[in-house]
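Each chain, written out:
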Amino acid sequence: MPRVLTAAVAQMGPVARDESRVQVIDRLITMMRHAHARGAELVVFPELALTTFFPRWVLDSQDEIDSFFETEMPSNETQPLFEVGKELGVGFHLGYAEKLTGDDGVTHYFNTAILVDQNGEISGKYRKVHLPGHAEPQPGQPHQHLEKRYFEVGDLGFPAFRSMDGVMGMCICNDRRWPETYRVLGLQGVEMVMLGYNTPTTNPFQETESPHLGMFHNHLSMQAGAYQNGAWVLASAKAGTEEGVHHMGGSCIISPTGEMVVQAMTEGDEVIVAECDLDRGKYIRETIFNFDAHRRIEHYGLITERTGAVPPPEK
Ligand code: CDT
């Protein structure tokens, strides 16, 4: 039985600071309906899809910070997206800021993504591990990137799980640049990796890099991750100029061969669709990247607890 999942990536244009959840959910539902009309059974929405990318600001009021977070999923405002998904038989990936209070009474804040199946049930959750930027504001910068201030490092690892007849995994934005992300999922046999991103076109903390490399590195990382683990990668940007900061588009669907199957052409709300054969990467995982047959972790050298780069001593 062929396992072909027709999947869409729904790129978003900017979300304004004063845009309500209801307005954003309306945009997502419109794109979900377009995706369904083109045969999609799954739609991938971006990182922090429900609000503007608030970590660009130093926010002092806890009430204001909390206003960007969801305390339940679905909530009154997000419920319609779950209902339309169920009615149409379309699953979806959604990134959002999550606030929860643990059994210990401590409040936690995560940059989170969920996968919702075609019955409107949450079938997987991931919390971002690689949080870029800083905890403290950086002086003299045109905008900040304070993910380390507003979020904790995710506590769920990189779980692969079964949903929609496939082995699914998720990561979020900066995670896509790290080979470990895909390999940890690949070691669990992942067949499809979904992710969202908010990537400023110019990184003020990386001024030695010419801007054209931004899109190259975006796609390079994901195409390598796809090929080296024989998995589909579906990536959804929040793009365009949001509250004065320009973010790259380039949302795409990449096959397990590492090939770019389809790519967004705009920096606005845009739906792209591909037929994803979940068995397409099987030959890769059984031949060139057959981990059991060829991976030689015991020969990779000494693995230490050190965290920084330590070059060998000079002769
Ligand atoms: N959202 C996110 O993770 N963005 C980062 C850019 C950080 S620039 C300090 C990314 O890797 O795309």
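Our subject is the structure listed above.
Now for a quick tour of the structure.

**Comments concerning the pattern of salt bridges**
Consideration 1: Within this structure, the stated rule accounts for 18 salt bridges.
Consideration 2: Across the salt bridge formed by D269 and R27, the nearest N and O atoms sit 2.8 Å from each other. In this pair, D269 is assigned in the loop between strand 13 (260-263) and strand 14 (270-277) and R27 in helix 1 (residues 21-37), connecting sequence segments 242 residues apart.
Consideration 3: With relative accessibility at 35%, the residue D269 sits in the partly exposed group.

**Describing the pairing of strand 8 (residues 192-197)**
Consideration 1: Counting buried positions over the six residues of strand 8 gives six, a clear majority of the element.
Consideration 2: Neither face of strand 8 is open: one carries M192, M194 and G196, the other V193, L195 and Y197, and all of them are buried.
Consideration 3: In terms of strand pairing, strand 7 (residues 166-172) meets strand 8 through five bridges, oriented parallel. From the neighbouring strand, M168 faces strand 8, where its bridge partner is M192.
Consideration 4: With helix 5 (residues 179-186) bridging strand 7 and its parallel neighbour strand 8, the resulting β-α-β unit is right-handed.
Consideration 5: Looking at chain direction, strand 8 and strand 9 (residues 232-237) are connected through six bridges and run parallel. Across the sheet, the residue bridging to V193 is V233, located in strand 9.

**Let's talk about the packing of aromatic side chains**
Consideration 1: For the structure shown, the criterion picks out ten aromatic pairs.
Consideration 2: Ring plane angle 15° and centroid distance 4.7 Å describe the contact between F54 and F68, whose orientation is recorded as stacked. Remark: F68 occurs in the loop between helix 2 (62-66) and helix 3 (79-88) and F54 occurs in the loop between strand 2 (42-44) and helix 2; sequence separation between them is 14 residues. Residues F54 and F68 agree in their burial class; the two are buried.
Consideration 3: Seen in terms of ring centroids, Y126 and F158 are 5.1 Å apart; in terms of plane orientation they differ by 20°. Their pairing is stacked. Here the residue Y126 occupies a position in strand 5 (residues 122-127), and F158 occupies one in the loop between helix 4 (147-150) and strand 6 (161-163), the gap between them amounting to 32 residues.
Consideration 4: Three or more aromatic residues link up through ring pairs in this structure, and these residues are F54, F68, F69, Y109, Y150 and F151.
Consideration 5: The ring centre of Y197 lies 4.2 Å from the NZ or CZ of R176, which sits over that ring.
Consideration 6: Here the basic side chain of R295 rests over the ring of F291, its NZ or CZ set 6.0 Å away from the ring centre.

**A short note on the pairing of strand 7**
Consideration 1: Most of strand 7 sits inside the fold, with seven of its seven residues counted as buried.
Consideration 2: Here strand 6 folds back onto strand 7, and the loop between the two strands holds two residues, one of which, M164, carries a positive phi near 55°.

**Description of the sheet that holds strand 13**
Consideration 1: Spatially, 6-7-8-9-12-13 is the arrangement adopted by the six strands of the open sheet, whose pairing is mixed. Edge positions in the sheet fall to strand 6 and strand 13, since each has one partner strand and no second. Neighbour-to-neighbour, the strand axes of the sheet open up by a mean angle of 25°, direction not taken into account.
Consideration 2: On the sheet, helix 6 (residues 213-229) packs against strand 8, strand 9, strand 12 (252-254) and strand 13 and is oriented at approximately 30° with respect to strand 12.

**Remarks on the packing of helix 1 against helix 3**
Consideration 1: Closest axis-to-axis distance for the helix 1/helix 3 pair is 10 Å, and the angle between their directions is 10°. In this view, helix 1 runs roughly parallel relative to helix 3, as classed from their interaxial angle. Along its contact with helix 1, which presents I25, L28, I29, M32, R33 and H36, the element helix 3 presents P80, L81, V84, G85, E87 and L88.
Consideration 2: Among the residues forming the contact of helix 1 with helix 3, the class breakdown is eight nonpolar, two polar and two charged.

**Here's the deal with the packing of helix 5 against helix 6**
Consideration 1: The geometry of helix 5 relative to helix 6 is characterised by a closest axis approach of 9 Å and an angle of 25° between their N-to-C directions. The angle between helix 5 and helix 6 places the two elements in the roughly parallel class. Crossing handedness for the pair helix 5 and helix 6: right-handed. On helix 6, the residues touching Y182, R183 and G186 of helix 5 are S221, M222, G225, Q228 and N229.
Consideration 2: Of the residues assigned to the contact of helix 5 with helix 6, the class counts are two nonpolar, five polar and one charged.

**Side note on the sheet that holds strand 5**
Consideration 1: Within the open sheet, the six strands sit side by side as 5-4-3-2-1-14. Their pairing is mixed. Looking at which strands have only one partner, the edges of the open sheet turn out to be strand 5 and strand 14. The average angle at which neighbouring strand axes cross in this sheet is 35°, direction not considered.
Consideration 2: Sheet topology note: the strand 3 (residues 91-101)/strand 4 (residues 107-116) ladder contains ten bridges and is antiparallel. Following the sheet pairing, T101 is matched in strand 4 by T107.
Consideration 3: Its contacts with the sheet place helix 1 against strand 1 (4-11), strand 2, strand 3 and strand 14, and it is angled at close to 45° to strand 14.
Consideration 4: Running over the sheet, helix 3 touches strand 3, strand 4 and strand 5 and is turned about 150° from strand 3.

Cut-offs applied
- Residues numbered from 1 in each chain as written.
- Predicted model: local features only at pLDDT ≥ 70, side-chain atom pairs only at ≥ 80, totals over all residues.
- Heavy atoms only, no water.
- Salt bridge = Lys/Arg side-chain N within 4 Å of Asp/Glu carboxyl O.
- Helix = DSSP H or I, 4+ residues; strand = E, 2+ residues; numbered from the N terminus.
- Buried < 20%, exposed > 50% of the residue type's maximum accessible area, 1.4 Å probe, protein only.
- Pairing = 2+ DSSP bridges.
- Right-handed = clockwise from strand over helix to strand, strands pointing away.
- Phe/Tyr/Trp six-rings, centres within 6.5 Å; stacked < 30°, edge-to-face > 60°.
- Lys NZ or Arg CZ within 6 Å of the ring centre and 35° of its normal.
- Axes fitted to C-alpha atoms, helices over the stretch in contact; angles between N-to-C directions.
- Contact = heavy atoms within 4.5 Å.
- Parallel < 35°, antiparallel > 145°, perpendicular 65-115°, else oblique.
- Nonpolar A, V, L, I, M, F, W, Y, C, P; charged D, E, K, R; others polar.
- Left-handed = near helix turned anticlockwise from the far one by under 90°.

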